[in-house]
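Working through the structure, step by step
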Amino acid sequence: MFTKILIANRGEIACRVARTARRLGIKTVAVYSTADAQAQHVKACDEAYWIGEAPATDSYLRGEKILEIAKLSGAEAIHPGYGFLSENAGFAESCQQAGIVFIGPPTQAIIAMGLKSESKRLMTEAQVPLVPGYHGVDQSIELLREQSQAIGYPQLIKASAGGGGKGMRVVKNFAEFDAALASAKREAISSFGNDSVLIERYLQQPRHIELQVFADTLGNVVHVFERDCSMQRRHQKVIEEAPAPGMTPELRQAMGQAAINAAKAIGYVGAGTVEFLLDQSGEFFFMEMNTRLQVEHPVSEMISGQDLVEWQLRVASGQALPLTQEQLKINGHAFEARVYAETPERDFLPATGTLTYLHAPTETEHVRIDTGVRQGDEVSMFYDPMIAKLIVWGADRNQALKRLQAALGDYYISGVKTNLAFLATLASLPDFAAAKLDTGFIEQHLDELFPKASTPPNEIFAAACLAALVTRQEQATQAQAQSSDPYSPWSVADNWRMNLDGFDSFEFQLGEALYAVQGSHRADGYYLQTPQGEHLLMGERLGEYEWLVTLGQKAFRAKVLDNLTVLWEGKTWELRLHDPIHEVDEQSAHGGNLTAPMPGAVIAVQVKVGDQVQAGDALMIVVAMKMEHTITAPHAGEVKEIYFQVGDQVKDGDVLLSLEQSHEPT
Ligand code: MV4
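Residues numbered from 1 in each chain as written. Predicted model: local features only at pLDDT ≥ 70, side-chain atom pairs only at ≥ 80, totals over all residues. Heavy atoms only, no water.

Let us now look at the overall build of the chain. Secondary structure assignment for the chain yields 18 helices and 40 strands. For 666 residues, the compact-globule estimate of 2.2 N^0.38 gives 26 Å, and the chain sits close to it at 28 Å. By its C-alpha atoms, the chain is 90 × 70 × 50 Å across when sized along the principal axes. Of all 666 residues assigned to the chain, the portion counted as buried reaches 52%. The long-range share in the chain, meaning contacts at least 24 apart out of those at least 6 apart in sequence, stands at 61%. Just so you have it, the chain exposes about 29,700 Å², and 52% of that area is on carbon and sulfur atoms. Across the chain, 56 positive and 84 negative side-chain charges occur, with their mean positions spaced 5 Å apart. (Helix = DSSP H or I, 4+ residues; strand = E, 2+ residues; numbered from the N terminus. Rg over C-alpha atoms; globule rule 2.2 N^0.38 Å. Buried < 20%, exposed > 50% of the residue type's maximum accessible area, 1.4 Å probe, protein only. Contact = heavy atoms within 4.5 Å. Areas by Shrake-Rupley, 256 points an atom, 1.4 Å probe, with all protein chains shown as cover. Lys, Arg positive; Asp, Glu negative; His and termini not counted. Charge placed at Lys NZ, Arg CZ, Asp CG, Glu CD.)

Given below as structure tokens:
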């Protein structure tokens, strides 16, 4: 077993690997970029080395620098985590040549699985079922058109070097083929530097079932059961679970054997994931093989009782797999929810900001949180916006789901937009509880997942008013104590009015909505006017943000942040006291200006100054995180100014072009 390993990653996976290494008595070396100087993964390791500036290409993707640090620090092995260099065959090769163990599969396996066409050829030889289609080397347009017509419709064009859905296009008929092929090739060359494609029959709403496989250097290969990862949105996994609901022992055995055959066919060593599509008829088809430890590996750990990073370390140091297939058993059910800094309401745009407030559920043997950040940390635009993985276990799916719902209801983050409310809603959907899973689930449930904004319950206003009043009183008392005339009536914030009960009128802003709330000081207490009448409001501060609130007969606890964001029952209500004096007219602030939805690069400008456009017309394409975002006209109008050209870099919020709204004739 190793005495020291270097972890060539950051965030939650670096912390997670360090945790297992420490438990095994292995020394750990962290590498970090300038942006991560204070990051948790640096603190979790025994030594740390700076490897470059924030952009991943200047730091975590610098294989030669990382190898240099490994030699300098005396690390015998490098754990790449996932992403970054974890599936970089060149880096794996360089490690081998430097005599440093790459904790992962042999270089040849990475290469073979990195190209879909090659992986599918190998699977065919291993009798692993494939979706009917074309994945040949000949990429001539004539042949691709022939194949397209032979496969039939609907079909899917996929980037051969791709993964996670990048470069994928659904083609519903031959007329769409050429445009879809061009777009798929454009995204493939931009994302992977390789525009080879394959064409497959499109399976309607399949399930994504992946088998965790493990092989050692002694010829042993096992599977550690399956995960259902169908809950995805634009190929971004949202909630994963193990085992897959409705899986029969026979199907598990067949898919497990196919996965083992796949691993054996390529001489695999280490942790790998064989992804299948399971269609509604119960047939399964090889999709791709990932030659890294997946983000979602913890759900397999929870139901098997195994530490898969420990397995990786043992296998990479030449030891045999810790268990045989017969010894591996499924116990219970596990979910993983990925907590992301993103704005689901804005089409899941990645978000950045400071975690000004972060309260996570208490960890127990059944609730696990893998994270690389803590309150006060920055979520930057340089890296994947994952904040944490919330993993729960139950004796069965229902119990695990209840624990997931409860844990999500006790997870609060403020300062950066997150998908927590979206996760909580998703985990509470009846169809999810009924395990009616397929890869189209989220798209099919958007209305339930994004209910129309509703008026906050009275408890929210009560908590906000209480916090605002008490804070104002505390500030007035403090100001009075410091004032030169402490007895002046002007320094008392009790809203006393001549011959009238003192009253307060609050105007809260929530998103675009305004809510007026009246409170009045009476001899017998403070009364809040609510749509259902007035209620006595009392309460006290329990902690920095924690309040005990009593509204009428109901006493409850809520958190209220300094800016009056209220956190209650798993939801975050970003109330703001409305300040009419400084109100800015949104339209005048932006006018007809169309802004960049996130940082990225302009790859197409489809209009010119003077063009008349209709609502929905494509104006510009910005590529961000290797995905294309088309800026479309929000209304009919004339293009007045274009501020960026193809090749320009834009920041979130940059004004890209101005569009003068044309007013429909009355
Ligand atoms: C498919 C498919 C339907 N038919 N292939 C998505 C990303 C990549 N892993 C492959 N993917 C798909 N390939 C055929 N022939 C549907 C998907 C797919 C999908 C697969 C798994 C999980 C989520 C998905 C979401 C959309 C599409």
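Turning our eyes to something else, we now look at the side chain of E459. Residue placement: E459 occurs in helix α17 (residues 458–482). Among the polar contacts listed, one links the side chain of E459 to the side chain of K554, at a separation of 2.8 Å. Other than its neighbours up to four places away in sequence, E459 contacts K554, F556 and W568. (Polar contact = N/O pair within 3.5 Å; in protein donor to acceptor, adjacent residues only side chain to side chain.)

In this section: the sheet that holds strand β12 (residues 236–242). Sheet architecture is open: eight strands sit in the order β14-β13-β10-β11-β12-β15-β22-β20, paired in antiparallel fashion. The sheet is open, and its two borders are formed by β14 (284–290) and β20 (367–371), each paired with just one other strand. Each strand axis lies, on average, 25° off the axis of its neighbour in the sheet, ignoring direction. Sheet strands in contact with helix α1 (residues 11–23) are β20 and β22 (386–394), and its direction is about 115° off that of β20. Across the face of the sheet, helix α9 (residues 249–265) comes into contact with β10 (207–215), β11 (221–233), β13 (270–278) and β14 while running at roughly 105° to β11. (Pairing = 2+ DSSP bridges. Axes fitted to C-alpha atoms, helices over the stretch in contact; angles between N-to-C directions.)

Moving on, we get to the site of the ligand. Among the 18 residues in the neighbourhood of the ligand, the closest are listed as K158, E200, R201, L203 and Q232. R201 has a polar backbone atom sitting 2.7 Å from a nitrogen atom of the ligand. About the coverage of the ligand: the protein hides 93% of its 520 Å² of free accessible area. Residue assignment for the shell around the ligand shows that the elements contributing at least two residues are β7 (155–159), β9 (197–201), β13 and β14. For the shell around the ligand, a count of residues per class yields seven nonpolar, six polar and five charged. (Near = heavy atom within 4 Å. Nonpolar A, V, L, I, M, F, W, Y, C, P; charged D, E, K, R; others polar.)

This part covers the packing of helix α4 (residues 89–97) against helix α5 (residues 107–114). Running from amino to carboxyl end, α4 crosses α5 at an angle of 175°, the nearest separation of the two axes being 9 Å. It follows from the interaxial angle that α4 and α5 lie roughly antiparallel. Listed contacts from α5 to A89, A92, E93 and Q96 of α4 are T107, I110 and I111. Considering only residue class, the contact of α4 with α5 consists of four nonpolar, two polar and one charged. (Parallel < 35°, antiparallel > 145°, perpendicular 65-115°, else oblique.)

To continue, consider the sheet that holds strand β3 (residues 47–52). Read from one edge to the other, the open sheet built from five strands follows the order β3-β2-β1-β4-β5, with strand pairing classed as parallel. The outermost strands of the open sheet, each flanked by one partner alone, are β3 and β5 (101–102). By the bridge criterion, three bridges tie strand β1 (residues 4–7) to strand β4 (residues 77–79) in an arrangement that is parallel. Bridging across to β4, I7 finds its partner in H79.

The next subject is helix α13 (residues 420–427). The complete set of buried residues in α13 reads L420, F422, L423, L426 and A427. Along the long axis of α13, the arc covered by the buried residues comes to 160°, so they all point the same way. (Arc of directions from axis to C-beta.)

Turning our eyes to something else, we now look at the packing of aromatic side chains. Within this structure, the stated rule accounts for 17 aromatic pairs. A ring pair is formed by F335 and F432, whose centres lie 5.7 Å apart and whose planes are at 50°; its orientation type is tilted. Highlighted residues: F335 in strand β15 (residues 333–340) and F432 in helix α14 (residues 430–433), separated in sequence by 97 residues. For the residue pair F335 and F432, the accessibility class agrees, reading buried in each case. Taken together, the ring pairs connect Y60, F84, F382 and Y383 into an aromatic cluster. The side chain of R397 reaches across the aromatic face of F432, ending 4.9 Å from its centre. Positioned above the aromatic ring of F556 is the side chain of K554, whose terminal nitrogen or guanidinium carbon lies 5.7 Å from the ring centre. (Phe/Tyr/Trp six-rings, centres within 6.5 Å; stacked < 30°, edge-to-face > 60°. Lys NZ or Arg CZ within 6 Å of the ring centre and 35° of its normal.)

Considering the arrangement of structural elements, one finds D370 in strand β20. The spacing of D370 and L321 is 49 residues in sequence and 25 Å in space, taken between C-alpha atoms. Among all residues touching D370, those that are not within four sequence positions of it are E12, R16, R19, P298, A388, K389 and I391. Side chain to side chain, D370 and R19 meet in a polar contact 3.1 Å long.

This part covers the pattern of salt bridges. One pass over the full model with this rule turns up 45 salt bridges. Linking E210 and R227 is a salt bridge whose minimum nitrogen-to-oxygen distance equals 2.7 Å. Placement of the pair is E210 in strand β10 and R227 in strand β11, with a sequence separation of 17 residues. An identical accessibility class is assigned to E210 and R227; each is buried. The residue E296 makes a salt bridge to K237 at a minimum N-O spacing of 2.7 Å. Of the two residues, E296 sits in the loop between β14 and α10 (297–304) while K237 sits in strand β12, which places them 59 residues apart along the sequence. Residues E296 and K237 agree in their burial class; the two are buried. Ionic contacts of the salt-bridge type, sharing partners, join the residues E12, E210, R227, K237, E240, E275, E296, E336, R338 and K389 into one network. (Salt bridge = Lys/Arg side-chain N within 4 Å of Asp/Glu carboxyl O.)

Attention now moves to unusual backbone geometry. The step from Y153 to P154 runs through a cis peptide bond, and the omega angle for that step is 0°. Here P154 is to be found in the loop between α7 (141–151) and β7. One non-glycine residue, F225, adopts positive backbone phi at about 70°. By the element assignment, F225 lies in strand β11. Owing to a relative accessible area of 6%, F225 belongs among the buried residues under this scheme. Despite not being glycine, H235 shows a phi value in the positive range, around 65°.

These figures come from the coordinates and say nothing about function on their own.
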